[in-house]
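# Structure assessment
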Amino acid sequence: MIRLAWRRSTSRNSRVDPARLLTAAFLGADGPQQNSGGHVRCFRQILHPPSERSPRHHPPQPACYLSSSVFMSMASGGTSSTSPHKHTNRLAEERSPYLLQHAHNPVDWYPWGQDAFDKAKNEDKPIFLSVGYSTCHWCHVMERESFEDEEIGKILSDNFVCIKVDREERPDVDKVYMTFVQATSGGGGWPMSVWLTPDLRPFIGGTYFPPTDHARRPGLKTVLKRIIEQWQNNRPALESSGERILEALKKGTAVAANPGQSPPPATEVADRCFQQLAHSYEEEYGGFRDAPKFPTPVNLMFLMSYWSVNRSTSEGVEALQMALHTLRMMALGGIHDHVAQGFHRYSTDSSWHVPHFEKMLYDQAQLAVAYVTASQVSGEQLFADVAKDILLYVSRDLSDQSGGFYSAEDADSVPASGGPEKREGAFCVWTASAVRELLPDVVEGATGAATQADVFMHHYGVKELGNVAPEQDPHGELQGQNVLIVRYSVELTAARFGIGVEKANELLASARTKMAKVREGRPRPHLDTKMLASWNGLMLSAYAGVGAVLGDKALLERAVRAGNFLKEHLWDAERQTVLRSCYRGDEMEVQQISPPISGFLDDYAFVICGLLDLYEATLQTEWLQWAEELQLRQDALFWDDQGGGYFCSDPGDATVLLQLKEDQDGAEPSANSVSASNLLRLSHYSGRREWLQRSQQLLAAFSDRLTRVPIALPEMVQALMAQHYTLQQIVICGQRDAPDTASLLAAVNSLFLPHKVLMHIDGDADGFLRQRLPVLSSMSQHGGVATAYVCQDFTCSLPVTDPQELRRHLLDGTTERRAE
C-alpha cells in the first residue's frame, strides 16, 4: 500500500485541494510521514504555494535553508579530484557548468530535450528529473552521495530516463515542477527531484534525498525501488493522481483580469504594502525577519519609492528609515565582503554577520541600484561608496572580456591549508594569527604600541578563538575562523588607539589591500561562467544607473559594453529572438549551444529595462530603439490576450505543461512587475497609447494579489504607483556631450525621481524622439544654451537653463504632485 512521505501543509483557503492528496515518495507500513524531503530546503527563489494568499504569510525569501538536524547529520562541500574519469555521459557535450559537473557520473544523464522524451516513450519508462544549479551546496552533496554511487547510478539508468536540468538555463521547466513539488509537499528547493510519466506529467516529487535510509527517513535507493514497484504494479493510480494535481494546478495558478476590470487603487495598495513590511521589519539590525535574513532589494526600493510620495507623513519617514537602516547594517555586516567587495547571498543570523558565502550576479545588480538610490535620498557618501564597491567586485570577478557578466561564485572552496574537502567560506574567512602575521607593523603614535593588526581586529571584530558562534557553524567548518564585521565607527576605532580618523582610515584600507592579495593566492570557489540575458539585463541597469547618478564615465562605458554584448551574443537578429544564455569557452571565447535556448519573459523584461536605463544614462537613442523592438517581440511571444499579463514562457511550447504568470517579487523581481513599468515608460517615449493600456491590463490581472498581499509584489506596487501619479517628462534640449547639457543632467540625476522619464533632443529635426513625439518640435534651446522642460502629459513648465533652478523645480514639483 502506498504511504505518503510528504503531505501538503493544511490550508483552509486552499485553491488546489487535490494537491493535499498527492504523494511524493513511498514508505514501508511503519514509516513516518514527513515533509518535503524531510529535512532540506535549499531555496534561492521560492514561489509562494498557490494556496497561501493570506496577508499574514510573508512571501518566502530566497534562501538555502536547512533544518538544524540536517546541518548536524550531513557532510558539506565537495571534493576536488585529479583522478581520470571512469565514466562520461552525454552531458559532457553541454556548456552549462551545472550539467558539466554531472558529466562523469555513472548515470545515463540526458539534457532536457526531445532525445530524452523519445527514449522515455519508446521504452515506456518513467523519467527521473533532477534540477539544480552549479553553486547549490546541497546539489553538490546529492551528487557526491548518490549520483557518483555506482549502484544508484545503475538503478537509475536501468529503470528511468534520467534528465538533468540547470534551473538557471531552463527556468520554465523549473517553475512547472517546483509548483508541483510545493503543492504536493508544502515546500520545495534544490536539488529538486521529480518523477514523470513519459509524457512529462509529474507523479512524485521531492528535494534532497540521502543515499540510504536514515533515522526512519527513506533514502534514494529505497525511494527508487518503491517507485519501480509502484510503476509496475500500480501505474494507473500514479498517473491519474498526477493528472488530477496538474489540472488543479492549472486552475489554481491562473492569473487573469475580469472583462473591463481596472487596476486596484494605488494609494490603498501602497499603504497596505508598507504596513505589511513594517509588521515584518526587524528593528535592531534591519531586514524583514529574524534569521535567516535576506537582502530583499525589491522591498527596499519600494520603501524608498513610498517615501518619495509620502515625505511629509510619519509613514513615509518610517519607510525611509527602514530602508536606510537595513542598507547601513548590511554594509557593515559580514554579508558584505569587506576585503574583496560584493555581497554574499544571505545571512544565517539576524545581525547580518555569518553569511551563506555564495555570491549571485542578480544580488549585486539590485543592491548596487538600492545603494545608489539611498545615496540620492540621504546624501550619505557611505551608500555611494558601497554601490561603487559592488561594481568593482563585478568588474573584477564576474566580468567576461566580451562585456558580459557571469552568473555566480560558489560558497565552497578548498582551504588554503589544503586537503580534499571543500568548506563553506574557506576563501573568505581569517584566523587571528593570520591577521597578526600579515599586519605586524607597530602604528606610530598609537597607544600601547598597537600594531596594524590590533587596529584592524578591533574594528572588524576579529577574535583570537574566532568570532563565529557554534550555532552558526554546525559542521565546525568555521571553528577558530573570523567573518569580518564592522563593530565600531572609524571615529571610535581611532579614539580607542589615540590616532586621527584619517590615519585610521588609511590603516584599515591598507590592511584590506594586503588581505585581498593574500586571498588572491587561495584556491578560488567555483565560478559559474554561464551568461544569462536576464541577469545581464539587471546588471546593465546597475552600471547605467550608478554611472549616471555618480557621473562616472568608466561605469557608463562598462554599461555600453554590456549593451553591445547583449546585442552581439544574446540577440538573434534573423529570428528576432533574445537568447537565454551563452557560455565562456575553454579559450575564453563566447560559445553557444545548438540549438540555443530561446529567451523567456524575464530575459526580455530585464533587458528592456536595462536598455531604457542605458538610454537615460547615455542619451544614445539606439538603446531606446532596440528596447521598442524587444517590447514588440515580448508582446507577440508572451502576452495573454484573454486574461492580460505575460506568461513566463512561450505558451506554444508543448513540453511546458503549466502556463504560469509569476506572482511574486523574490530574489529577482517578477518579470510581469518589471514589464508593467517598462510598458509605462515606453508609452511615454514612443507615444504608443496601447502600451499604457497594456500596462493597466497587466496590473488589473494581478489585482487580487496586489489588493490582498501586496508584500508579495513590491516591485509591481511601484509600477501601480507610477500609473497613479503619472510620469513626468523631463526634456533636455542641447548638444549631447556639451558641458551645459551635462550640468542639467547632473541636476536631474542627483535626485531620486521614481516617476519620471528623461529625454534628450538636439537640433536634429528628424531625430528618433521627434519622429515619435511631434510635441517635441516646439522645444528648443533658449539663448543658445542647454534648456530643460519639465512636463506632465507634455504640458510643460517654463524652460529652465540653470541647473540649480532645475533641481529646485523638480523638488518643488515632487512636493506639489504628492499633495495633489
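Residues numbered from 1 in each chain as written. Predicted model: local features only at pLDDT ≥ 70, side-chain atom pairs only at ≥ 80, totals over all residues. Heavy atoms only, no water.

## Some remarks on the sheet that holds strand β10 (residues 359-360)
Sheet architecture is open: three strands sit in the order β10-β11-β14, paired in antiparallel fashion. Of all strands in the sheet, those with a lone pairing partner are β10 and β14 (527-528), marking the two edges. Direction of pairing for β10 relative to strand β11 (residues 408-409): antiparallel, over a ladder of two bridges. Within β11, the position partnered with K359 by the bridge is E409. (Pairing = 2+ DSSP bridges. Helix = DSSP H or I, 4+ residues; strand = E, 2+ residues; numbered from the N terminus.)

## Regarding the packing of helix α12 (residues 361-378) against helix α13 (residues 381-397)
At a minimum axis separation of 7 Å, α12 and α13 run at an interaxial angle of 155°. On the basis of the axis angle, α12 is roughly antiparallel to α13. In the packing of α12 onto α13, the handedness of the crossing is left-handed. When α12 is examined against α13, the residues L361, Q364, L367, A368, Y371, V372, A374, S375 and S378 are found in contact with a partner set consisting of F383, A384, V386, A387, I390, L391, Y393 and V394. Taken together, the residues of the contact of α12 with α13 break down into 14 nonpolar, three polar and no charged. (Axes fitted to C-alpha atoms, helices over the stretch in contact; angles between N-to-C directions. Parallel < 35°, antiparallel > 145°, perpendicular 65-115°, else oblique. Left-handed = near helix turned anticlockwise from the far one by under 90°. Contact = heavy atoms within 4.5 Å. Nonpolar A, V, L, I, M, F, W, Y, C, P; charged D, E, K, R; others polar.)

## Some points on the nonpolar core
Counting 138 residues, the largest nonpolar core has F302, Y371 and L769 as the members making the most contacts within it. Tallying contributions element by element places helix α20 (residues 601-618) first for this core, with twelve residues. (Core = buried A, V, L, I, M, F, W, Y, C linked by side-chain atoms within 4.5 Å. Buried < 20%, exposed > 50% of the residue type's maximum accessible area, 1.4 Å probe, protein only.)

## What to know about the state of the cysteines
As enumerated under the stated definition, the model contains two disulfides in all. For C136, the disulfide goes to C139, at an S-S distance of 2.5 Å. Of note, the bridge from C136 to C139 carries an S-S torsion of about 80° and is right-handed in sense. C139 shares its class with C136; the two are buried. C791 shares a disulfide with C796; S-S distance 2.0 Å. A torsion of 100° about the S-S bond marks the disulfide between C791 and C796 as right-handed. When the cysteines of the protein chain that form disulfides are numbered from the N-terminus onward, they connect as 1-2, 3-4. (Disulfide = S-S within 2.5 Å.)

## Some thoughts on the pattern of salt bridges
For the coordinates displayed, the defined rule picks out 42 salt bridges. For R772, the salt bridge goes to E628, with nearest N and O atoms at 2.9 Å. A residue pair is termed long-range when its members are at least 10 positions apart, and R772 in helix α27 (residues 768-772) and E628 in helix α21 (residues 621-638) qualify at 144 residues. On the accessibility criterion, E628 (7% relative accessible area) is buried. What emerges from the salt-bridge pattern is a single network uniting D166, E168, D528 and K530. (Salt bridge = Lys/Arg side-chain N within 4 Å of Asp/Glu carboxyl O.)

## Re α20
A rise of 1.5 Å per residue sets the reference length of α20, with its 18 residues, at 26 Å; its end C-alpha atoms lie 26 Å apart and thus fit the reference within 8%. At the C-terminal side of α20, L619 shows a positive phi close to 65°. (Expected span 1.5 Å × (residues − 1).)

## Regarding the side chain of H353
Examined against the element boundaries, H353 turns out to sit in the loop between β8 (346-347) and β9 (355-356). What makes H353 buried here is its relative accessible area of 6%. Setting aside residues no more than four positions away along its own chain, H353 makes contact with G334, I335, S347, N467, V483, I485 and R487.

## Thoughts on the sheet that holds strand β7 (residues 202-206)
Ordered by their spatial adjacency, five strands build an open sheet running β3-β5-β4-β6-β7, and the pairing between neighbours is mixed. At either end of the open sheet lies a strand with only one pairing partner, and these are β3 (109-111) and β7. When the angles between neighbouring strand axes are averaged without regard to direction, this sheet yields 25°. Two strands pair when backbone bridges link them, and β3 and strand β5 (residues 161-166) are joined in this way by three bridges, in the parallel orientation. Considered in β5, the bridge of P111 is made with K164. Docked against the sheet, helix α4 (residues 137-147) engages β3, β4 (127-132), β5 and β6 (192-196), running at close to 140° with respect to β4. Contacts between helix α7 (residues 220-233) and the sheet are confined to β6 and β7, with β6 contributing the most and set at about 15° to the helix.

## Overview of the pairing of β7
For β7, a buried count of five out of five residues is recorded, marking the element as mostly surrounded by other parts of the structure. Bridge count for β6 against β7 is four bridges, and the pairing is antiparallel. The residue of β7 that forms the bridge with L196 is P202. The turn linking β6 back onto β7 is made up of five residues, and L200 within it adopts a positive phi angle of 80°.

## Considerations on the confidence of the model for the protein chain
In the predicted model, the protein chain carries a mean pLDDT of 89, and the fraction of residues at 70 or more is 89%. The low-confidence segment residues 1-81, where pLDDT is below 50, has 260 contacts with residues more than four positions distant or belonging to other chains. (pLDDT = per-residue confidence, 0-100.)

## Quick word on the side chain of E358
As for its placement among the helices and strands, E358 is situated in the loop between β9 and β10. Look at E358 and you get buried, because its relative accessible area is 0%. Within the structure, E358 has its side chain in polar contact with the side chain of T135 (distance 2.5 Å). (Polar contact = N/O pair within 3.5 Å; in protein donor to acceptor, adjacent residues only side chain to side chain.)

## A short note on helix α8 (residues 235-252)
Here α8 is 18 residues long and its end C-alpha atoms lie 26 Å apart, about the 26 Å a rise of 1.5 Å per residue gives. Taken as a whole, α8 has its buried residues at L238, S241, G242, I245, L246, A248, L249 and G252. All buried residues of α8 fall inside an arc of 165° around its axis, so they share one side. Away from its buried face, by an angle of more than 90 degrees, α8 presents the exposed residues P236, R244 and K251. Buried residues along α8 sit in contact with α6 (171-185), β7 and α7. (Arc of directions from axis to C-beta.)

## So, the packing of aromatic side chains
Following the criterion strictly, the structure yields 23 aromatic pairs and no others. Considering the side-chain rings of F405 and Y543, the 5.4 Å spacing of their centres and the 15° angle between planes classify their relative orientation as stacked. Taken together, the positions of F405 in the loop between α13 and β11 and Y543 in helix α18 (residues 533-550) put the pair 138 residues apart, joining distant regions of the chain. Take F405 and Y543: they sit in the same class, and that class is buried. An aromatic cluster is built from W109, F128, F147, W195 and F209, whose rings are joined through pairwise contacts. When the ring centre of Y393 is taken as reference, the NZ or CZ atom of K359 above it lies at 4.1 Å. (Phe/Tyr/Trp six-rings, centres within 6.5 Å; stacked < 30°, edge-to-face > 60°. Lys NZ or Arg CZ within 6 Å of the ring centre and 35° of its normal.)

## Let's talk about the environment of S378
Positionally, S378 belongs in helix α12. Under the relative-accessibility criterion, S378 is labelled partly exposed at 27%. Taking the C-alpha atoms as reference points, S378 and L320, 58 residues apart in sequence, are found 9.2 Å from one another. The residues contacting S378, other than those within four sequence positions of it, are L324 and F383. Of note is the side chain of S378, whose polar atom sits 2.7 Å from the backbone oxygen of A374. A polar contact of 3.1 Å, which involves the side chain of S378, links it to the backbone nitrogen of E380.

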